[in-house]
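# Coordinate inspection notes
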Amino acid sequence: MARKPIIAGNWKMNNTLAETRTLVEGLIPLVKDAKCDVVICTPYTDLALAVELTRGTNIHVGAENVHWAEKGAFTGEISAKMLVELGVEYVIIGHSERRQYFGETDETVNKRVKAALAAGLKPIICVGETLDEREAGKVEEVLVRQTKAAFDGIDKEELDNIVIAYEPVWAIGTGKTATAQVADETIAIIRNTMAELYCPKCAENRVRIQYGGSMNPKNAAELMAMPQIDGGLIGGASLKAEDFSKVVNY
Ligand code: PGA
């Protein structure tokens, strides 16, 4: 199995600079022997400090969004170049909270992915169905649509630089995890879509797909044991060094 697991924290709108320092300093020794890639995605204001604190460690830093334009009149937005300048490596794109509350669409996700890659950032692209969509039997339709749109115009060569996060919207922050079985089956749909878009071998060897949604120290090992699951995108449980390190060291 060529796919190296990757566990990423999504801090969302949490942590001041002082809290960032405490959390990151606590985390460094706890995850130093991790066998997976370790990433923390922080608010923009914490990025510079997170990069500084993690320099020389095995922790990588990501942002939670990025704009597609190089620069210009986009009040409140941040460009890929600005993130790269800080030493940021990853960026979450298309999180369901962006889609739900901030008008993110499949089309803007694709524009952000292209801008991120062009600047040398590694996108963590989020896809996932709502509860209504699952109950209406539309899981496959939604995931195929979101995946195809996100990867529109993206070269095969870029696959090693991209992570997909399957995050069922009904499992985020709810304490409701998809069962390992359901997560695994659903991720297989995404991988099949990638096989169709690129090639079966690329999808099998080069596409890392995380599960996200109430993943925590208790359920991490079971989820990570599933053949399709290559990692986790962790919200709530990434805010405490101890909890996050237990997920990382599943
Ligand atoms: P959660 O969030 O772990 O708190 O459910 C996951 C996410 O939204 O990325």
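Provided above is the structure to which this section pertains.
Now for a description of the structure that goes with this document. No experiment lies behind these values; they were computed from the predicted model shown.

Secondary structure summary: the protein contains 11 helices and 8 strands in total. Relative to the globule expectation of 18 Å for 250 residues, the C-alpha radius of gyration of the protein, 17 Å, shows essentially globular dimensions. Considering only C-alpha atoms, the protein reaches an extent of 45 × 45 × 35 Å along its principal axes. With 250 residues in all, the protein has 53% of them scored as buried. Charge separation in the protein, taken as the distance between the mean sites of 28 positive and 35 negative side-chain charges, equals 2 Å.

On to the pairing of strand E3 (residues 59-63), then. Burial runs high along E3: 4 of the 5 residues are buried. Of the strand pairs in this sheet, strand E2 (residues 37-41) and E3 are connected by 4 bridges, and their pairing is parallel. Residue Val 38 lies in a different strand from E3, and its bridge partner there is Ile 59. Handedness of the E2-helix H2 (residues 44-54)-E3 crossover: right-handed. Examined bridge by bridge, E3 and strand E4 (residues 90-93) share 2 bridges and lie parallel to one another. Note that in E4 the partner of Gly 62 across the bridge is Tyr 90. Between the parallel elements E3 and E4, the chain passes through helix H3 (residues 80-86) in a crossover that is right-handed.

Another aspect to go through is the packing of helix H1 (residues 17-31) against H2. Interaxial distance between H1 and H2 falls to 10 Å at its minimum, and their mutual angle equals 30°. It follows from the interaxial angle that H1 and H2 lie roughly parallel. By crossing handedness, the relation of H1 to H2 is classed as right-handed. Residue-level inspection shows Leu 17, Thr 20, Arg 21, Val 24, Glu 25 and Ile 28 of H1 in contact with H2, the latter providing Thr 45, Asp 46, Leu 49, Leu 53 and Thr 54.

Take the environment of Thr 45 next. The topology assignment puts Thr 45 in helix H2. Distance in space between the C-alpha atoms of Thr 45 and Ile 92 is 16 Å, their sequence separation being 47 residues.

To continue, consider unusual backbone geometry. The residue Lys 12 is not glycine, and still its phi comes out positive at about 60°. Within the element layout of this structure, Lys 12 appears in the loop between strand E1 (6-10) and H1.

Taken as a whole and judged by the stated rule, the model has 15 salt bridges. Its salt-bridge partner being Arg 3, residue Glu 204 comes within 3.5 Å of it at the nearest N-O pair. Here the residue Glu 204 occupies a position in helix H9 (residues 200-205), and Arg 3 occupies one in the segment before E1, the gap between them amounting to 201 residues. The class for Glu 204 is partly exposed, based on a relative accessible area of 37%.

Before going further, it helps to examine H1. The end-to-end C-alpha distance of H1 is 21 Å, a good match for the 21 Å that 15 residues give at a rise of 1.5 Å each. Among the residues making up H1, those that are buried are Thr 20, Leu 23, Val 24, Leu 27 and Val 31. Down the axis of H1, the smallest arc covering the buried residues is 95°, so these residues share one side. When the buried face of H1 is taken as reference, the exposed residues oriented beyond 90 degrees from it are Ala 18 and Thr 22.

About the cut-offs
- Residues numbered from 1 in each chain as written.
- Predicted model: local features only at pLDDT ≥ 70, side-chain atom pairs only at ≥ 80, totals over all residues.
- Heavy atoms only, no water.
- Helix = DSSP H or I, 4+ residues; strand = E, 2+ residues; numbered from the N terminus.
- Rg over C-alpha atoms; globule rule 2.2 N^0.38 Å.
- Buried < 20%, exposed > 50% of the residue type's maximum accessible area, 1.4 Å probe, protein only.
- Lys, Arg positive; Asp, Glu negative; His and termini not counted.
- Charge placed at Lys NZ, Arg CZ, Asp CG, Glu CD.
- Pairing = 2+ DSSP bridges.
- Right-handed = clockwise from strand over helix to strand, strands pointing away.
- Axes fitted to C-alpha atoms, helices over the stretch in contact; angles between N-to-C directions.
- Parallel < 35°, antiparallel > 145°, perpendicular 65-115°, else oblique.
- Left-handed = near helix turned anticlockwise from the far one by under 90°.
- Contact = heavy atoms within 4.5 Å.
- Salt bridge = Lys/Arg side-chain N within 4 Å of Asp/Glu carboxyl O.
- Expected span 1.5 Å × (residues − 1).
- Arc of directions from axis to C-beta.

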